[in-house]
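Here is how the chains run, residue by residue.
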Amino acid sequence: MEQALDHLIIWEKALEFARSKSNSLSYNTTFKHLRPLGIEGNVFILECKDSFQRGFAEGEREILEKSLADASFVRFKIRFVLPESEPVKPQPLEKDGPSQKNNLNADFTFESFVVGAGNKFAYNVCLSVVTPPKNTKSKNMFNPLFLYGGSGLGKTHLLQAIGNEILNRYPNKKVVYTQCETFLNEFISSLSSKSFEPFRKKFRSCDYLLIDDIQFLENKEGTQEEFFHTFNTLFEKGSQIVLTCDKPPAQLNSMEERLITRFQSGVLVDVQAPDYETRVAILRNMAQSNHVIFPDEVIDYIANNISSNVRELEGAFKKVMAYTLLQGEVNLTLTSMVLQDMISPQNARKITPDLILNVIASFYNITQDDLLSPRRDNHIAYPRMIAMYFFRTTLDMTLGKISEFFGKKDHTTARSACNKIDIIVKEKKAPFCDEIEELRKRIAL
Ligand code: ADP
Ligand code: MG
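Below is a summary of the structure that appears in this document. Because the structure is predicted, anything quoted here is derived from the model rather than measured.

Cut-offs applied
- Residues numbered from 1 in each chain as written.
- Chains lettered and ligands numbered in written order.
- Predicted model: local features only at pLDDT ≥ 70, side-chain atom pairs only at ≥ 80, totals over all residues.
- Heavy atoms only, no water.
- Helix = DSSP H or I, 4+ residues; strand = E, 2+ residues; numbered from the N terminus.
- Buried < 20%, exposed > 50% of the residue type's maximum accessible area, 1.4 Å probe, protein only.
- Contact = heavy atoms within 4.5 Å.
- Areas by Shrake-Rupley, 256 points an atom, 1.4 Å probe, with all protein chains shown as cover.
- Lys, Arg positive; Asp, Glu negative; His and termini not counted.
- Charge placed at Lys NZ, Arg CZ, Asp CG, Glu CD.
- Near = heavy atom within 4 Å.
- Polar contact = N/O pair within 3.5 Å; in protein donor to acceptor, adjacent residues only side chain to side chain.
- Nonpolar A, V, L, I, M, F, W, Y, C, P; charged D, E, K, R; others polar.
- Phe/Tyr/Trp six-rings, centres within 6.5 Å; stacked < 30°, edge-to-face > 60°.

On to the overall build of the chain. The helix and strand tally for the chain stands at 20 helices and eight strands. Counting only C-alpha atoms and orienting by the principal axes, one finds that the chain spans roughly 90 × 55 × 40 Å. With 445 residues in all, the chain has 47% of them scored as buried. The contacts of the chain with a sequence gap of at least 6 include a subset with a gap of at least 24, amounting to 71%. Accessible area of the chain: about 23,200 Å², with a carbon and sulfur share of 52%. Of the charged side chains in the chain, 55 are positive and 56 negative; the average position of the first set lies 2 Å away from that of the second.

Shown next, in the form of structure tokens:
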């Protein structure tokens, strides 16, 4: 009975954490309407009242998963469901080995993986595991394959892509994909029930063993021992083993030396962070598959500001998409507002003279050189005044320095420019005032 209520207790605590981690908008529009349905293994199931709300919730997945971890000390993955779409049933330990549908996410395929400089090698090696090159002499050339790299860079995606592709091409092959944590939990259950057979049958009779996040074995000596024997049995009969990890084998702590040696005996591949071009390609891909159109400047803004990993990029995209659905359109101002929680101050764009000139020049369709030239034509002199005004108000530059910057002899030019624009702003003179406010937003983005 107590267990049946676990999810409610955990959710109540998690909600408090989520509330403190985010803005009240997210809390009021999304978090508090989610309904905890239950727990399946390490999956926490939350019901959203409609697909619209699910869009919002998806955008907040990271905060919610962190909050659940804080509340329960378990790293739950969340599954968002719609009413009656998926009744919750307790999950028994699989008795007859892996089901061929497995627990693979059908979206994690090679086709949906965007290849760029940082992950090209990993991608190609993973493909080679599915289709070994013809001239490969040794059957075990890619065995084991050890993919490592930071969080959110696509390791799980690639690992599951291997599983999905194998099952597509060779439906009779036995593929076992599992989180290392599940391997550990199932091993512990088999110890406590003293029935090793189903466990061993499952893991030692497959053609492909795909284990995610092997760093979970750190400090778990008993499970390491079991895994060592699983590894050897599979390796000897030529089954392919693919492992992912958040660090290279040599950096694993409290891990048996013989296991590290095994990991190092195959192919080690580093999955690296995506560069700017890859981030743009990933965002375009997401927009396309979600049937939304994001203007280039929005894609550019997200790719420039969210650069550490793809999971965050995806989170940012979903968040903007959810608000877009609500507002009916997407633009730069909305994007920067929606993402302000995710963009840390040190990542935020620094306002510099060059940035101000750039924003103003492109807004008025002139060049930066025009702004810095002595030309007095109104279509250049007016934007120049605005530039001086922003130098003064956002960079806190002295009038003397501003005049110098623009090649003027004394500071009266800068003073008169700043005064004129100041009056427009203070007296809200239309339509100039709107233009200046728009520029202010673009500079601050
Ligand atoms: P990791 O296992 O390395 O922490 P994941 O494989 O879970 O990262 O990736 C996080 C998210 O980013 C997933 O939704 C995944 O589909 C997506 N992703 C990562 N890399 C790419 C890529 N190159 N192209 C498309 N999606 C990607
Ligand atoms: Mg992963």
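Another point: the site of ligand 1. Taken together, the neighbourhood of ligand 1 is formed by 17 residues, with G152, T156, H157, R311 and E314 sitting nearest. Residue G152 places a main-chain N or O atom 2.6 Å away from an oxygen atom belonging to ligand 1. Contact distances for ligand 1 include 3.1 Å between an oxygen atom and a backbone N or O atom of L153. Notes on ligand 1: free accessible area 550 Å², of which the protein chains cover 91%. For the shell around ligand 1, a count of residues per class yields six nonpolar, eight polar and three charged.

Right, let's talk about the packing of aromatic side chains for a bit. Tallying each qualifying case throughout the model produces 24 aromatic pairs. Ring centres 5.9 Å apart and planes at 10 degrees place the aromatic pair F113 and Y123 in the stacked group. Of this pair, F113 sits in the loop between β3 (77-81) and α5 (120-130) while Y123 sits in helix α5, and the two are ten residues apart along the sequence. By relative accessible area, Y123 is classed as buried at 16%. Ring centres of F405 and F406 lie 5.6 Å apart, and the angle between their planes is 55 degrees; this geometry places the pair in the tilted category. On the basis of relative accessible area, F405 is assigned to the partly exposed category, the value being 35%. Ring-pair connections join several aromatic residues into one group, and the members of that group are F146, Y148, F183, F187, F199, F203, F227, F231, F235 and F263.

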